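Single-letter residue listing:
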Amino acid sequence: MKKLINNPDDVVVEALAGIKAAHPSLDVDVENKIIVRAGGPTAGKVGLVSGGGAGHEPLHGGFVGYGMLDAACSGEVFTSPVPDQMLLATQKVDGGAGVLHIVKNYTGDILNFAMAAELAADDGIDVTPVVVNDDVAVQDSLYTAGRRGTGATVFVEKIAGALAEQREGLKAVADVAREVNERSRSFGVALTACTVPAAGAPGFDLPDDEIELGVGIHGEPGRERGKIRSAAEIVDFALSAIDDDMPLTGDLAVMVNGMGGTPLIELYLVYNEVAKIIAAKGATIARNLVGNYITSLDMAGASITVLRLTPDLTRLWDAPVETPALRWGR
């Protein structure tokens, strides 16, 4: 294993310390592994909290800021945060209008966020959870009951965050978060396994001439393992799976996301293949993202996330955002 680290046990806290040093717009509680907007909660605004295991950067801490999240909690690598962290984050962002929990559909996240919401309710904080479960690759996996929560998390955080900035109420913000999730689908492909620093070895065995089609963001198995094939064939396989589940029609937001170890040149090549297939279907890519937004440490591969837009969702997508990983309009 070759990593730019010191002690494998200190990777998460030292990375959080680096985030704190790099981004003065964020208040980073390194000890409790919580990132919040500097300046405290905004009175009358719904607070947005998300979180999950480390190793998926920039998700979630990179999306804390104006127009997106108010707080993010980090667990250890690929490990859910604990309820005490989630409760503290919820308390830190409560501006009196309630708090939205954006929860990826992994068993640990679901259970721990639910417990944190109960504890927050005891403190008089109104909490509504929204579960993201956009991955069409599998119905159940090693970490979930039902579909995994993956790339649509970025869309949910951006669009719900925009509505919260407009001082809409908790129900409206939760409703639009659910709408985005329901209108989004994702599919991921791995070319290599990732290496968890504490383990010091790849998380699974993937021969040089094989790929995992439908991989999860922790390296969970997908639909099938097969021989390496061209980017065009991989994209066709992924978009066919998405289209079978949610027809690719109308105006779309498309994210071609790197898993952490894929060069940007390859991601743009993948995006070109996506654009050709979607155009052939008569749909329009109205908005797009290409880059690393929800990674899996150093895994080589990519995921494709598609959101069927409406005029209101497009307006909220275009609203200003200012976070370390996503910014426009300010």
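These remarks concern the structure in this document.

Parameters at a glance
Residues numbered from 1 in each chain as written. Predicted model: local features only at pLDDT ≥ 70, side-chain atom pairs only at ≥ 80, totals over all residues. Heavy atoms only, no water. Pairing = 2+ DSSP bridges. Helix = DSSP H or I, 4+ residues; strand = E, 2+ residues; numbered from the N terminus. Axes fitted to C-alpha atoms, helices over the stretch in contact; angles between N-to-C directions. Contact = heavy atoms within 4.5 Å. Salt bridge = Lys/Arg side-chain N within 4 Å of Asp/Glu carboxyl O. Buried < 20%, exposed > 50% of the residue type's maximum accessible area, 1.4 Å probe, protein only. Parallel < 35°, antiparallel > 145°, perpendicular 65-115°, else oblique. Left-handed = near helix turned anticlockwise from the far one by under 90°. Nonpolar A, V, L, I, M, F, W, Y, C, P; charged D, E, K, R; others polar. Core = buried A, V, L, I, M, F, W, Y, C linked by side-chain atoms within 4.5 Å. Phe/Tyr/Trp six-rings, centres within 6.5 Å; stacked < 30°, edge-to-face > 60°. Polar contact = N/O pair within 3.5 Å; in protein donor to acceptor, adjacent residues only side chain to side chain.

1. A look at the sheet that holds strand 9 (residues 224-227)
Moving on, step 1. The sheet built from six strands is open, its strands ordered 9-8-7-12-10-11 with mixed pairing. Either end of the sheet is taken by a strand with one partner, and the two such strands are strand 9 and strand 11 (284-291). Across this sheet, the average inter-strand angle for adjacent strands is 20 degrees, counted without regard to direction.
Moving on, step 2. As paired strands, strand 7 (residues 184-190) and strand 8 (residues 210-213) are joined by two bridges and run antiparallel to one another. Within strand 8, the position partnered with Ala190 by the bridge is Glu212.
Moving on, step 3. Against the sheet, helix 4 (residues 152-165) contacts strand 7, strand 10 (251-258), strand 11 and strand 12 (301-308), and its axis sits at roughly 45 degrees relative to strand 12.
Moving on, step 4. Each of strand 10, strand 11 and strand 12 is contacted by helix 7 (residues 264-280), which is oriented at about 165 degrees to strand 11, the strand it contacts most.

2. Details of the pattern of salt bridges
Moving on, step 1. For the structure on display, the rule yields 19 salt bridges.
Moving on, step 2. Notably, a salt bridge pairs Asp209 with Lys227, separated by 2.8 Å at the nearest N-O pair. Taken together, the residues span a long stretch of sequence, with Asp209 in the loop between strand 7 and strand 8 and Lys227 in strand 9 at a distance of 18 residues.
Moving on, step 3. What makes Asp209 partly exposed here is its relative accessible area of 35%.
Moving on, step 4. One network of salt bridges, with partners in common, ties together Arg37, Lys45, Asp70, Glu165 and Arg167.

3. A word on the packing of helix 6 (residues 231-245) against helix 7
Moving on, step 1. With their axes 9 Å apart at the nearest point, helix 6 and helix 7 run at an angle of 55 degrees to one another. Judged by the inter-axis angle, helix 6 sits oblique to helix 7. Considering only the axes of helix 6 and helix 7, their crossing is right-handed. Where helix 6 abuts helix 7, its residues Ala231, Ala232, Val235, Asp236 and Leu239 lie against Leu269, Val270, Glu273, Val274, Ile277 and Ile278.
Moving on, step 2. Along the lines of polarity and charge, the residues of the contact of helix 6 with helix 7 split into nine nonpolar, no polar and two charged.

4. Focus on the nonpolar core
Moving on, step 1. If you look at the biggest cluster of nonpolar residues, it comprises 58 residues, and the most contacted ones within it are Leu48 and Leu100.
Moving on, step 2. The element contributing the most residues to this core is helix 4, with nine residues.
Moving on, step 3. Each residue touching Leu100, except ones within four places of it in the same chain, is listed here: Val46, Gly47, Leu48, Val49, Thr128, Val130, Ala160, Leu170, Val173, Ala174 and Ala177.
Moving on, step 4. Among the nonpolar cores identified, the runner-up in size contains 28 residues, and Ile211, Leu248, Leu252 and Ile277 belong to it.

5. Remarks on the sheet that holds strand 3 (residues 47-54)
Hydrogen bonds between backbone groups are what pair the strands of a sheet, and the pairing can be parallel or antiparallel.
Moving on, step 1. As summarised here, the arrangement of the six strands in space is 1-2-4-3-5-6, forming an open sheet in which the pairing is mixed. Looking along the sheet, the strands with just one partner apiece sit at the ends: strand 1 (26-29) and strand 6 (127-132). With direction set aside, neighbouring strand axes in the sheet form an average angle of 20 degrees.
Moving on, step 2. Where strand 3 lies against strand 5 (residues 99-104), four bridges are found, and the strand directions are parallel. Across the sheet, Ser50 pairs through a bridge with Ile102, a residue of strand 5.
Moving on, step 3. Helix 3 (residues 107-122) contacts strand 3, strand 5 and strand 6 of the sheet and is inclined by roughly 165 degrees relative to strand 5.

6. Re the packing of aromatic side chains
Moving on, step 1. For the coordinates displayed, the defined rule picks out three aromatic pairs.
Moving on, step 2. Relative to Phe237, the ring of Phe187 has its centre 5.8 Å away and its plane inclined at 55 degrees; by these criteria the two rings are tilted. In this pair, Phe187 sits in strand 7 while Phe237 sits in helix 6, placing the two residues 50 residues apart along the sequence.
Moving on, step 3. Given a relative accessible area of 1%, Phe187 falls into the buried group.
Moving on, step 4. Exposure remark for Phe237: the relative accessible area of 23% places this residue in the partly exposed category.
Moving on, step 5. Grouping aromatic residues by their ring pairs yields a cluster made of Phe155, Trp317 and Trp328.

7. A word on the environment of Asp70
Moving on, step 1. Considering the arrangement of structural elements, one finds Asp70 in the loop between strand 3 and strand 4 (71-77).
Moving on, step 2. For Asp70, a relative accessible area of 8% gives the class buried.
Moving on, step 3. Residues Asp70 and Gly40 lie 30 residues apart in sequence; the distance between their C-alpha atoms is 9.2 Å.
Moving on, step 4. Beyond its immediate stretch of four places on either side in the chain, Asp70 contacts Ile35, Val36, Arg37, Lys45, Val46, Gly47, Leu48, Val64 and Val93.
Moving on, step 5. Among the polar contacts listed, one links the side chain of Asp70 to the side chain of Lys45, at a separation of 2.7 Å.

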